[in-house]
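# Overview (structure and organization)
Residues per chain are reported as follows:
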Amino acid sequence: MSVGLILGAAVWPDGPSPTLRRRSLHGAALFHQGRVRHLIVCGGLGRHPPTEAEVMRDVLASAGVPPGCISLENQSTRTVENIRNALPILANLGATEVLIVTDNYHAPRARLIAQRLGLSVKTSSPPLAGAGPTQLVRSVLREVPAYVQAWLRV
């Protein structure tokens, strides 16, 4: 079994954004299915408190994931920081594999960064229910230059 690494997304004034909730609930499902034994939630403070990691922890707890099976990485604000800052937590857990939980359009870049940082990695993505075509196009277009930048820098 591997450890799940849930990548952050926005916190809205009234709670988790749909993306943050979707990723968190997908991570909880993977935990309950036995596909991961522990979840690391990643994300620092954005525009609205609390941190993304704290909000994800609360969503996971409400979905029945035991608190002892959740670790917080609550300092990062970018994907590379999410993964880099999670490395010591992964080492402490003795994890040899990581299953990154993020959206399909973001998964190739997250996988590239994790592999370049020395991780054995797979990805798992929740369905994009409720995402409109404009949001999907914007997200994919944002990922193209971000992927190239990650490929050149990491």
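The structure displayed is predicted, hence computed values, not measured ones.

Moving on, we get to helix 2 (residues 52-62). The periodicity of an α-helix, 3.6 residues per turn, causes residues three or four positions apart to be oriented the same way. Those residues of helix 2 lying buried are Glu 52, Ala 53, Val 55, Met 56, Val 59 and Leu 60. Considered in projection along helix 2, the buried side chains sweep an arc of 160° and stay on one side of the axis. Where helix 2 terminates, the next one or two residues include Gly 64, which has phi positive at roughly 90°.

Between its first and last C-alpha atoms helix 3 (residues 79-93) spans 21 Å; for 15 residues at 1.5 Å apiece the expected length is 21 Å, and the two agree. A bend of about 35° at Leu 87 is the largest found in helix 3, and the proline Pro 88 appears one to four places after it. For helix 3, the full list of buried residues reads Thr 79, Val 80, Asn 82, Ile 83, Ala 86, Ile 89 and Leu 90. Along its buried surface, helix 3 packs onto strand 1 (2-6), strand 4 (36-42), strand 5 (70-73), strand 6 (97-101) and helix 4 (107-116). Gly 94 lies just past helix 3 and shows a positive phi near 70°.

Pairing analysis gives 5 bridges linking strand 6 to strand 7 (residues 120-124), with the strands arranged parallel. By the bridge assignment for strand 7, Ile 100 is matched with Thr 123. Traced from strand 6 through helix 4 to strand 7, the parallel crossover comes out right-handed.

Assignment of secondary structure puts Glu 52 in helix 2. According to the relative accessible area criterion, Glu 52 is buried, its value standing at 16%. For the pair Glu 52 and Gly 8, spaced 44 residues apart in sequence, the C-alpha to C-alpha distance is 5.9 Å. For Glu 52, the residues in contact, after removing those within four places along its chain, are Gly 8, Ala 9, Ala 10, Val 11, Leu 20, Cys 42, Gly 43 and Gly 44.

Right, let's talk about the sheet that holds strand 5 for a bit. Pairing between the strands of a sheet comes from backbone hydrogen bonds, and it takes one of two forms, parallel or antiparallel. Pairing is parallel across the open sheet formed by 5 strands, whose spatial order is 5-4-1-6-7. Two strands close off the open sheet at either side, each with one partner strand: strand 5 and strand 7. Sheet twist, expressed as the average angle between the axes of neighbouring strands with direction ignored, equals 25°. Helix 3 contacts strand 1, strand 4, strand 5 and strand 6 of the sheet and is inclined by roughly 145° relative to strand 4. Sheet strands in contact with helix 4 are strand 6 and strand 7, and its direction is about 165° off that of strand 7.

Here the focus is the pairing of strand 4. By the criterion of burial, strand 4 is predominantly enclosed, with 6 of the 7 residues buried. In this sheet, strand 4 lies alongside strand 1 in parallel orientation, the contact comprising 5 bridges. Residue Gly 4 lies in a different strand from strand 4, and its bridge partner there is Leu 39. The sheet contact formed by strand 4 and strand 5 spans 4 bridges and is parallel. By the bridge assignment, Cys 42 is partnered in strand 5 with Glu 73. Taken together, strand 4, helix 2 and strand 5 form a β-α-β motif whose crossover is right-handed.

Quick notes on the rules
Going along each chain's sequence as written, the residues are numbered from 1 onward. Given that this is a predicted model, residues contribute local features only at a pLDDT of at least 70 and side-chain atom pairs are listed and counted only at 80 or more, while totals for whole chains, interfaces and linings are drawn from all residues. To obtain the side-chain values, all non-hydrogen atoms of the structure were included, while hydrogens and water were left out. Only protein chains enter the accessibility calculation, which uses a 1.4 Å probe. A residue is then buried if its area is under 20% of the maximum for its type, exposed if over 50%, and partly exposed in between. Where helices and strands are cited, they refer to DSSP runs of H or I of at least four residues and of E of at least two residues respectively, numbered from the N terminus. An arc is given here, and it is the one of the directions from the helix axis to the C-beta atoms. By definition here, a helix of n residues has an expected span of 1.5 Å times n minus one. For a residue, the bend is simply the angle between two axes, fitted respectively to the seven-residue segment ending there and the seven-residue segment starting there. Residues count as neighbours in contact if any of their non-hydrogen atoms are within 4.5 Å of one another. Note on pairing: DSSP must find at least two bridges between two strands before they are called paired. Crossovers are described as right-handed under a simple rule: with the strands pointing away from the observer, the path leading from the first strand over the helix to the second runs clockwise. Axis definition: a line fit to C-alpha positions, over the contact stretch in the case of helices; interaxial angles, taken between N-to-C directions, run 0 to 180 degrees.

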